[in-house]
Amino acid sequence: MPLATYRGRCHCGAVRFEADADLDAGTVRCNCSICTRSRFWLVFVTAERFRLLAGEEKLSDYRFGAQRIRHRFCSVCGVKPFGMASDGSGVAISVNCLDELTPERLAALPVTYVDGAHDRWDASPAVTSYL
Ligand SMILES: [Zn+2]
């Protein structure tokens, strides 16, 4: 499938964005401490394929550990629609924050599991069913 343009938003709608992504090329679920707690299901896009449409002033910015990722979340509703690489290279978009994807479409998306809990980004965790 080619790139398609998707719109997405946080729960309250203060934060809205648009991204050109190829969801069929693969989505990611990770077992690291923050992805597990937020049940983050992501698709990566390069920075030029991401456009914030509204809500920069409502976005909070959480960083931890090596500070490599800006975990952006809406200060009104608390939803995290995306995270951004601190060096500006890319954006990890929450698949669950994209508009108009049917349950059937979501269920059919390919998922790659990564063992972020052990910094093994090219390996699947031993257990994935809870992610
Ligand atoms: Zn919100």
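Please refer to the structure higher up on the page.
Report on the accompanying structure.

Rules of the game
- Residues numbered from 1 in each chain as written.
- Predicted model: local features only at pLDDT ≥ 70, side-chain atom pairs only at ≥ 80, totals over all residues.
- Heavy atoms only, no water.
- Helix = DSSP H or I, 4+ residues; strand = E, 2+ residues; numbered from the N terminus.
- Buried < 20%, exposed > 50% of the residue type's maximum accessible area, 1.4 Å probe, protein only.
- Pairing = 2+ DSSP bridges.
- Axes fitted to C-alpha atoms, helices over the stretch in contact; angles between N-to-C directions.
- Donors = N, O, S within 2.8 Å, 3.2 Å for Na, K, Ca; no water.
- Tetrahedral: all angles 85-135°; square planar, octahedral: opposite > 155°, others 65-115°.

Inspection of the secondary structure puts Arg-105 in helix H2 (residues 103-108). For Arg-105, a relative accessible area of 23% gives the class partly exposed. The spatial distance from the C-alpha of Arg-105 to the C-alpha of Leu-23 is 9.9 Å, given a sequence separation of 82 residues.

Now for the sheet that holds strand S4 (residues 41-46). With respect to topology, seven strands assemble into an open sheet ordered S6-S7-S8-S9-S4-S3-S10, the strand pairing being mixed. The two strands at the open ends of the sheet, each matched to only one other strand, are strand S6 (59-62) and strand S10 (111-114). In this sheet, adjacent strand axes meet at a mean angle of 30° when their direction is disregarded. When strand S3 (residues 27-30) meets S4, the two strands line up antiparallel, connected through two bridges. Counted as the bridge partner of Arg-29 is Trp-41 from S4.

A word on the coordination of the zinc ion. Within the first shell, the zinc ion binds the protein through Cys-10 (SG), Cys-12 (SG), Cys-74 (SG) and Cys-77 (SG), at distances of 2.3 to 2.4 Å. Around the zinc ion, the four donor atoms sit at angles spanning 105 to 119°, and that spread fits a shape best called tetrahedral. Binding-site remark: the zinc ion is held by donors from one chain whose sequence spacing is C-x1-C-x61-C-x2-C. Within this pair, whereas Cys-12 is found in the loop between strand S1 (4-9) and strand S2 (16-21), its partner Cys-77 is found in the loop between strand S7 (69-74) and strand S8 (82-85), the two being separated by 65 residues in sequence. A residue is classified by how much of its surface remains accessible, and Cys-12, at 39% relative accessible area, is partly exposed.

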